[in-house]
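Commentary on secondary and tertiary structure
In case you want the letters, here they are:
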Amino acid sequence: MTDMTAPAAPADAPRKGSLLEQDARTKRRNAAEKRFEVYGIIAVGIGVLALIALLTSILVNGLGAFQQTFLNVEVEFAEDRLDKNGNRDPADLAKVSTFGYKPLIEGALIATVDRLGLRPDGMSDGDIGAMVSNEAAAQLRNRVLADPDVIGTTHTVRILANARIDGYLKDRVDRASAELDGNVTPQQLELTDRLQAAGVLDKAFNWDFITAPDASENRPEASGLGVAILGSLYMMLVVLCLALPIGVAASIYLEEFAPKNRWTDLIEVNISNLAAVPSIVFGILGLAIFINFAGLPQSAPIVGGLVLTLMTLPTIIIATRASLKSVPPSIREAALGVGASKMQTVFHHVLPLAAPGILTGTIIGLAQALGETAPLLLIGMVAFVREYPDAPPEGFFDPASALPVQVYNWTQRADPAFVERASGAIIVLLIFLVAMNALAVFLRRRFERRW
Amino acid sequence: MNDMRLIDRATDMTDVKIAARGVQVFYGDTHAIKDVDVDIQDKTVTAFIGPSGCGKSTFLRCLNRMNDTIDSARVEGDIRIDGEDIYDRRVDPVQLRAKVGMVFQKPNPFPKSIYDNVAYGPKIHGLAKNRTDLDDIVERSLRRAALWDEAKDRLQEPGTGLSGGQQQRLCIARAVATEPEVLLMDEPCSALDPIATSQVEELIDELRANYSVVIVTHSMQQAARVSQKTAFFHLGNLVEYGETGQIFTNPQDSRTESYITGRIG
């Protein structure tokens, strides 16, 4: 043994541990990571499920609205009833109200049923006639007024069936519920089956749902979205024409020209605040200023458009400023460096680069405005409007409805057929929204420039 | 670096292009440039060197009033180009910048075609009467920037599609297209590889024939290679200004010596 011998390193000194097995700490960290991943998947799953549930319920309820039950009956346009004087004078023809037409249609249907021998035992003429929609008489009358020559001839016409008969074909009404329903009898449903088998009655795509105006409480089968779609379109035009230039001009000024001081800070904060203001507040403002103070007409797309413009402006300003900010400062310096003025810099270089972002923001803002209901309720857009508004610009001042308001309106009505209509209207609204968002995505992809 | 060459490289031009007297720059409360006096000569490459944050870029940006675009920046003192005070009320910075072109640190071509990049300046300043004129200007500028041969077949392709060195030469072409008298370059090679750097440096040397070039650089070798005059900035002060050869071989100030020998900075 010598003093020189250094104590040998103990052979069993603990190593740091094998790389092949995880230590407790690593295991805990990996487990936490796994858990977080699971939370994320659950969160996404809930979202997707909610979306699927929503879409299914809307589609199940609403797709029926695009189809309608029609009766094909041979109607004799009897001269003795429709034009007693026989001179085809439009003024005389107009004197015959829908009550004059109703017996014609009902008679024609009864005759058809009897000719084919389809009448169930003991079913009265009145019950058969009641299967026709109240709207049918008006359809016929419009046809005669448009073309008086049909008087005296016999034509096969396609008329709307009553909402309950329509509901039977869409499984909304069945024989058990018909027993309890004062508006429909099981015999009528029996006859419906027989008429369908005979080819007199059929279900087909209903363009009128998209183009026709709204109809009254007791004729849901005739109601359509025409006025609402036009009204929404007019409002979007107003919003686009006002909000885009005002919003873009305001953002360019604030972002590129305005000095950074207490005033611009204040304005900036307030624009953000404005974006968070509940939309119904804008409705009250519109009522107070545009209708009560400025004296604009109620229910007019111009007022709706102005209110929605106020509501959309903050969205557009915020989106525009964000996209102006995202243009690299080197581009501004480059332009200023070759002697471009501030305005040339903005309009030649910054704005084209920011355009995709601005367009996207504008379209998102428009989509938001399209779906907005609350402010429109306060400015009278809930009114029942059957007249189409005129072509713009006069049409901006005519009463009109709007898509979301039409949905709201229909859900308020008693007849279950309107629930189907409301869901159908939601489908139309969603199609518009999806189309607008798709356009936004497309524009962004198309015009995005990289540098 | 060839010392003999450096010493021989005295400038024969003595015309003063830019004269700065008592220039002070403040960013808010920060005093960025302290009392700088400098005379920049015509048809000469003048290099500004110094450690980061010493104010050389700030001073460069005073020369074409690019500091005007920064709200908090304030410039005092007197800067004259050809005897005219560029901070005079009557001077429009837009006109000034057409006369004093600038090339930036990061190549920043517009996301447009190569042609439009070069043609933009002449267009907004109305230098071309017609399309042929404009074509001539574009060709001349690209030739001056030694980019014509590489770019002539792809003038309509985006300038952003060029390589880094080509982009920087495109920016130089864009700057010379407006027929400036002074060309300011803010670290034009810091984003480039050595080959692109040497191309740009050769170019700078050629540009000296027509312009007064002021270049800010971090690289002392670059300053020595391309410039005839060198100014050393430190903490906002102009420490020393003189012939490049003299600054690099026989600095008068101990700070300059410390910097060029690598002890500070």
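First, a word on scope: everything that follows refers to the structure included in this document.

Thresholds applied
Residues numbered from 1 in each chain as written. Chains lettered and ligands numbered in written order. Predicted model: local features only at pLDDT ≥ 70, side-chain atom pairs only at ≥ 80, totals over all residues. Helix = DSSP H or I, 4+ residues; strand = E, 2+ residues; numbered from the N terminus. Rg over C-alpha atoms; globule rule 2.2 N^0.38 Å. Buried ≥ 20, exposed ≤ 12 C-beta atoms within 10 Å, placed from the backbone. Contact = placed C-beta atoms within 7 Å. Axes fitted to C-alpha atoms, helices over the stretch in contact; angles between N-to-C directions. Parallel < 35°, antiparallel > 145°, perpendicular 65-115°, else oblique. Nonpolar A, V, L, I, M, F, W, Y, C, P; charged D, E, K, R; others polar. Pairing = 2+ DSSP bridges. Left-handed = near helix turned anticlockwise from the far one by under 90°.

What follows concerns the overall build of chain A. When you go through chain A residue by residue, the secondary structure sums to 19 helices and three strands. Rg of the C-alpha trace for chain A: 33 Å, well past the compact-globule value of 22 Å for 451 residues, more than 25% over. C-alpha extents for chain A along the principal axes are approximately 135 × 70 × 35 Å. Counting over 451 residues, chain A shows a buried share of 37%. A separation threshold of at least 6 residues defines the contact pool for chain A, and within that pool the share at least 24 residues apart is 78%.

Moving on: the packing of helix 16 (residues 342-370) of chain A against helix 19 (residues 416-447) of chain A. Residue and element names in this part refer to chain A. Close contact between helix 16 and helix 19 brings their axes to 8 Å; oriented N to C, the two are set at 175 degrees. Relative to helix 19, helix 16 is oriented roughly antiparallel. Here Ala355, Pro356, Leu359, Thr360, Ile363, Ile364, Leu366, Ala367 and Leu370 of helix 16 lie close against helix 19, whose contacting residues are Phe432, Leu433, Met436, Asn437, Leu439, Ala440, Leu443, Arg444 and Phe447. Broken down by class, the residue content of the contact of helix 16 with helix 19 amounts to 15 nonpolar, two polar and one charged.

Another aspect to go through is the pairing of strand 3 (residues 45-49) of chain B. All names here are of chain B. The buried fraction of strand 3 amounts to five of the five residues, a majority that puts the element mostly inside the structure. By the alternation rule, side chains of strand 3 split into Val45, Ala47 and Ile49 and Thr46 and Phe48, which are all buried. Examined bridge by bridge, strand 3 and strand 8 (residues 212-216) share four bridges and lie parallel to one another. From the neighbouring strand, Thr46 faces strand 8, where its bridge partner is Val214. Of the pairings in the sheet, the one linking strand 3 to strand 9 (residues 229-234) comprises four bridges and is parallel in character. Across the sheet, Thr46 pairs through a bridge with Lys229, a residue of strand 9.

The subject of this paragraph is the sheet that holds strand 2 (residues 30-41) of chain B. Residue and element names in this part refer to chain B. On the basis of which strands lie adjacent, the open sheet formed by four strands has the order 2-1-4-5 and antiparallel pairing. Either end of the sheet is taken by a strand with one partner, and the two such strands are strand 2 and strand 5 (84-85). As judged from the two bridges shared by strand 4 (residues 73-81) and strand 5, these two strands associate in the antiparallel manner. Directly across from Ile81, in strand 5, lies its bridge partner Glu84.

With that settled, consider the packing of helix 13 (residues 279-293) of chain A against helix 14 (residues 301-325) of chain A. Residue and element names in this part refer to chain A. One way to put it is that helix 13 packs onto helix 14 with a least axis distance of 9 Å and a crossing angle of 130 degrees. The orientation of helix 13 with respect to helix 14, classified from their angle, is oblique. In the crossing of helix 13 with helix 14, the sense of the turn from one axis to the other is right-handed. Seen from helix 13, the contacting residues are Ser279, Phe282, Gly283, Leu285, Gly286, Phe290 and Ile291; seen from helix 14, they are Val303, Leu306, Val307, Leu310 and Met311. Here the contact of helix 13 with helix 14 is composed, by residue class, of nine nonpolar, three polar and no charged.

Residues and elements named next belong to chain A. Relative to the assigned elements, Thr185 resides in the loop between helix 8 (175-180) and helix 9 (186-198). Overall, the presence of 20 C-beta atoms within 10 Å leaves Thr185 in the buried class. Sequence spacing of Thr185 and Asp174 is 11 residues, and the spatial spacing of their C-alpha atoms is 10.0 Å. Contact partners of Thr185, with chain neighbours within four places excluded, come to Asp127 and Ala178.

On their own, these measurements won't tell you what the molecule is for.
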